Amino acid sequence: MNLEKLADRVANELSTALSDLPEAERSAILDIVRQAMLDSATRTHREMKETAVICCGPEADLAHKIQEQMDKKRDMLIANLMAMR
């Protein structure tokens, strides 16, 4: 679910539940909840990204090394083919 849609849904439900409060207080509460949800999603995303980098770091390095070797061999093949002209 899109976080913005979720935040709007929660805000609507809270607005209904807090309908007896003055508008200023209700707005402040909704802003706090909305910001808390966004902060939570941002922090979770950052932590998951860090975990993925730590977990897959060696494989990513290996993939780069393989790509470098493939590039070198391709360049050598092109050089040899151009020399044969």
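Look a little higher up for the structure.
To keep things clear, this report deals only with the structure shown in the data block. Since this is a predicted model, take the numbers as computed values, not measurements.

Conventions adopted
- Residues numbered from 1 in each chain as written.
- Predicted model: local features only at pLDDT ≥ 70, side-chain atom pairs only at ≥ 80, totals over all residues.
- Heavy atoms only, no water.
- Helix = DSSP H or I, 4+ residues; strand = E, 2+ residues; numbered from the N terminus.
- Buried < 20%, exposed > 50% of the residue type's maximum accessible area, 1.4 Å probe, protein only.
- Areas by Shrake-Rupley, 256 points an atom, 1.4 Å probe, with all protein chains shown as cover.
- Patch = residues over 30% accessible without salt bridge, like charges linked within 9 Å, V, L, I, M, F, W, Y side chains within 5 Å.
- Salt bridge = Lys/Arg side-chain N within 4 Å of Asp/Glu carboxyl O.
- Contact = heavy atoms within 4.5 Å.
- Polar contact = N/O pair within 3.5 Å; in protein donor to acceptor, adjacent residues only side chain to side chain.

### Examining the overall build of the protein chain
- Tallying secondary structure elements over the protein chain gives 2 helices and 0 strands in all.
- For the protein chain, with 85 residues in total, the buried portion stands at 8%.
- Just so you have it, the protein chain exposes about 7,300 Å², and 61% of that area is on carbon and sulfur atoms.

### Here's the deal with a nonpolar patch on the surface
- Together, Leu62, Ile66 and Met70 make up a nonpolar patch on the protein surface, roughly 300 Å² of accessible area in all.
- By secondary structure assignment, the location of Ile66 is in helix H2 (residues 23-83).

### Focus on the side chain of Arg26
- Among the structural elements, Arg26 can be located in helix H2.
- Ignoring anything within four residues of it in the chain, the contact list for Arg26 reads Ser15, Leu18, Ser19 and Leu21.

### Comments concerning the pattern of salt bridges
- The full count for this structure, using the stated rule, is 4 salt bridges.
- For Arg9, the salt bridge is made with Glu13, and the minimal N-O distance between the two is 3.3 Å. Residue Arg9 and its partner Glu13 are both found in helix H1 (residues 3-17); the two are separated by 4 residues, about one turn of the helix.
- Residue classification places Arg9 among the partly exposed residues on the basis of a relative accessible area of 41%.

### Details of the environment of Glu23
- Mapped onto the fold, Glu23 is located in helix H2.
- For Glu23, the side chain forms a polar contact with the side chain of Arg26, separated by 2.4 Å.

All quantities given are derived from atomic positions and should not be read as evidence of function.
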